[in-house]
Amino acid sequence: KIDRVMLVGGMRVVYLVLFVWVSLVRGSVYNHTCVLTPSQPDCSSFKLPEDQVASDIGNMCNMMDNMPGCSVNRICSSSSSDTVKSSAYCEQFSIYKDLCLDMPGMSGCTDYRYMCGNGTVVSQCGTPALSLPSTMALSALVGSICAEMMMPGCSECVSSASSSSAMLDCDLLVTYSNLCISMPRMHQCASWTTMCKHIPDWGLCSAEEDTTVAPGMLMYFHTRISDYVLFKGWVPTTSLQYAFTWIAVCIAAACHDLIRLVRRRFEQQWRRTESSARLASGKEDVPAFVPSTELPRAALQALEVSWSLLIMLVSMTFNVGLFIAIGVGYFVGSLAFGRFIRNYQAAQPELLEMTACH
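(A) Broad picture of the overall build of the protein. Of the regular secondary structure elements, the protein holds 14 helices and two strands. Relative to its full complement of 358 residues, the protein shows a buried share of 41%. For the protein, the share of sequence-separated contacts (at least 6 apart) that also reach a separation of at least 24 residues comes to 65%. Of the roughly 19,500 Å² of accessible surface on the protein, a fraction of 63% belongs to carbon and sulfur atoms.

Okay, here's the thing in C-alpha cells:
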C-alpha cells in the first residue's frame, strides 16, 4: 500500500515537472491537462483557446515570416474574397497546424506536439491542414526555377548567406505560386499543383487574381488585366488602367499605317530627287548619296520596322483584350490611311517590295 502511494505521488511530481517545463518553453502557462495527457476520453472536445493559438502564430511568424504557413495567414487576414475568408484553411488552428507540421521544433508548437501526439483523442488535432511544401523545400524549389529561368519575382528572393543551399529571403509561397502560374508545366511545380487542388479559387492558384509580386508572363491566351506592357512600369492593375491601355494599344496599331503612309509620301519625293540627280550627273545606274535624302529615308524605315516590332511584343503578352486592340487598331488604320497607301503603291509598284516585309 505504501509503495502504491509512493508511486502515485511520484507520478504527480513527474506530471507537475513536465507541466512546468512545457509552460516555460511556451513562454506562457495554459493550465489544462489535455495538453499533456491528450489520450484521456474527456479530452475529445478540448480546444486550444483562439487567442493562445493566434499568439503562437504571431510569435512564430515574427521569427520566420517566410514560412508558407505565415503566407497563408497573411492572405487570410488581408483577402477581400469571401471564398478565401470562409475557407477551412483560414481557420486559426489550421494555420497553426501548417506551421507546426513545417517546423515542429519551434517553441510555439510545444502545445501542438504534446496535444496532437500519438494516442491523442483531441478532435481539434484532425483540423484539415493545407498541403504545403516545407519552408526548406519551397526555398529549394524557387531557387531551382530561378536558376533555370530568370522570371519576374526571382530578383526579390535573395539568399541569406553566401552558400547556394542557404534559405532564400522572400515570401516563398507567394513567389513560388506566381512562378508556377506563369509556367505551370515546370517539374518543380508538382507541389503547387497538389496544393491548388484544395484551393483552386485562391490567388495563389489563379492567374486571374492579383498577388503580391509582379505578374509573370503567361505563355497562352488569357484574359487577366495585369500584364507587363512593354515597360516595367506599365502594368495595368485596375479595370480603368486596362481600358486606357487598350485604347493606347489600339491607337498605336492604327498609327503603324500612318507611319507607312508618311514614309511612302516622302519616298515619292525622294525618288523624284534621285531621278533629277541621275539626269544631271549622266549616271543612270547608281544614284548618288544625298544626305538630305538618305538619312530621313533610313530613319523612317527604322521607325516603321521598330513600330511594327513593338506591336508584335504587345501581342506576345498573349492577352486576349490587347490582341483584339491590335486587330481593331489595324482595322481603323486601314480605313483611315489604307487608300492613300494603295494610291502611292499603284503609282510606284516597286514600293510593294517595301511593304512585303513589314
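(B) Region of interest: the side chain of Asp98. Looking at the secondary structure, you find Asp98 in helix α6 (residues 92-102). One buried charge, Asp98, has no salt-bridge partner; the nearest side chain with opposite charge is Lys97, at 7.9 Å. Non-local contacts of Asp98, meaning those with residues more than four positions away in its chain, are made with Gly69, Ala129, Leu130 and Leu132.

(C) Inspection of the nonpolar core at higher detail. Within the largest apolar cluster, 57 residues are counted, with the highest numbers of intra-cluster contacts made by Tyr96, Trp192, Met195 and Trp202. Leave out the neighbours within four places in its chain, and Tyr96 touches Leu48, Val53, Asp56, Ile57, Met60, Gly108, Cys109, Asp111 and Tyr112. One finds Val249, Ala252, Ala253 and Ala325 within the second-largest nonpolar core, a separate group that totals eleven residues.

(D) Geometry of the state of the cysteines. Scanning all chains against the criterion turns up nine disulfides. Note on cysteine connectivity: Cys34 is disulfide-linked to Cys43, with sulfurs 1.9 Å apart. On the S-S bond that ties Cys34 to Cys43, the torsion sits near -90°, and the link is left-handed. Across the disulfide, Cys196 is cross-linked to Cys205 (sulfur-sulfur distance 2.0 Å).

(E) Structural detail: the packing of helix α4 (residues 68-78) against α6. Two numbers describe how α4 lies on α6: the axes approach to 8 Å, and their chain directions differ by 160°. By the angle between their axes, α4 is roughly antiparallel relative to α6. Between α4 and α6 lies a crossing whose hand is left-handed. Contacts between α4 and α6 involve Pro68, Gly69, Cys70, Val72, Asn73 and Cys76 on the former and, on the latter, Gln92, Ile95, Asp98, Leu99 and Asp102. Residues that form the contact of α4 with α6 fall into these classes: six nonpolar, three polar and two charged.

(F) Looking closely at the pattern of salt bridges. Scanning the model with the defined rule gives four salt bridges in all. Between Arg74 and Asp171 there is a salt bridge, with the nearest N and O atoms lying 3.1 Å from each other. Of this pair, Arg74 sits in helix α4 while Asp171 sits in the loop between β2 (168-169) and α9 (172-182), and the two are 97 residues apart along the sequence. Arg264 serves as the salt-bridge partner of Glu304, at 3.5 Å between the closest nitrogen and oxygen. Of the two residues, Glu304 sits in helix α12 (residues 291-315) while Arg264 sits in helix α11 (residues 239-281), which places them 40 residues apart along the sequence.

(G) Focus on the environment of Asp56. Along the polypeptide, Asp56 turns up in helix α3 (residues 50-63). Judged by its relative accessible area of 3%, Asp56 is buried. Taking the C-alpha atoms as reference points, Asp56 and Thr110, separated by 54 residues in sequence, lie 9.7 Å from one another. When neighbours within four sequence positions are excluded, Asp56 is seen to be in contact with Tyr96, Gly108 and Asp111.

(H) Just unusual backbone geometry, in detail. A positive phi is found at Leu230, a non-glycine position, where the angle reads about 70°. As for its position among the elements, Leu230 is in the loop between α10 (190-196) and α11. For Leu230, a relative accessible area of 37% translates into the label partly exposed. Here Phe318, not a glycine, exhibits a phi torsion of approximately 60°, which is positive. Residue position: Phe318 is located in the loop between α12 and α13 (320-347). With relative accessibility at 25%, the residue Phe318 sits in the partly exposed group.

(I) Molecular detail of the packing of aromatic side chains. The final tally for this structure, using the stated rule, is five aromatic pairs. Aromatic side chains Phe93 and Tyr96 sit 5.6 Å apart centroid to centroid with 65° between the ring planes, which places their arrangement in the edge-to-face category. Pair noted here: Phe93 and Tyr96 are both in helix α6, with a separation of three residues, about one helical turn. You'll find Phe93 and Tyr96 in the same group, each marked buried.

(J) Local environment of α4. The set of residues buried in α4 consists of Pro68, Gly69, Cys70, Ser71, Val72, Asn73 and Cys76. Each element contacted by the buried residues of α4 is listed here: α3, α5 (82-85), α6, α8 (135-148) and α9.

(K) Fine view of the environment of Thr135. With respect to the helices and strands, Thr135 occurs in helix α8. Classification of Thr135 as buried rests on a relative accessible area of 0%. As a C-alpha pair, Thr135 and Met103 span 32 residues in sequence and 8.3 Å in three-dimensional space.

Criteria and thresholds
- Residues numbered from 1 in each chain as written.
- Predicted model: local features only at pLDDT ≥ 70, side-chain atom pairs only at ≥ 80, totals over all residues.
- Heavy atoms only, no water.
- Helix = DSSP H or I, 4+ residues; strand = E, 2+ residues; numbered from the N terminus.
- Buried < 20%, exposed > 50% of the residue type's maximum accessible area, 1.4 Å probe, protein only.
- Contact = heavy atoms within 4.5 Å.
- Areas by Shrake-Rupley, 256 points an atom, 1.4 Å probe, with all protein chains shown as cover.
- Lys, Arg positive; Asp, Glu negative; His and termini not counted.
- Salt bridge = Lys/Arg side-chain N within 4 Å of Asp/Glu carboxyl O.
- Core = buried A, V, L, I, M, F, W, Y, C linked by side-chain atoms within 4.5 Å.
- Disulfide = S-S within 2.5 Å.
- Axes fitted to C-alpha atoms, helices over the stretch in contact; angles between N-to-C directions.
- Parallel < 35°, antiparallel > 145°, perpendicular 65-115°, else oblique.
- Left-handed = near helix turned anticlockwise from the far one by under 90°.
- Nonpolar A, V, L, I, M, F, W, Y, C, P; charged D, E, K, R; others polar.
- Phe/Tyr/Trp six-rings, centres within 6.5 Å; stacked < 30°, edge-to-face > 60°.

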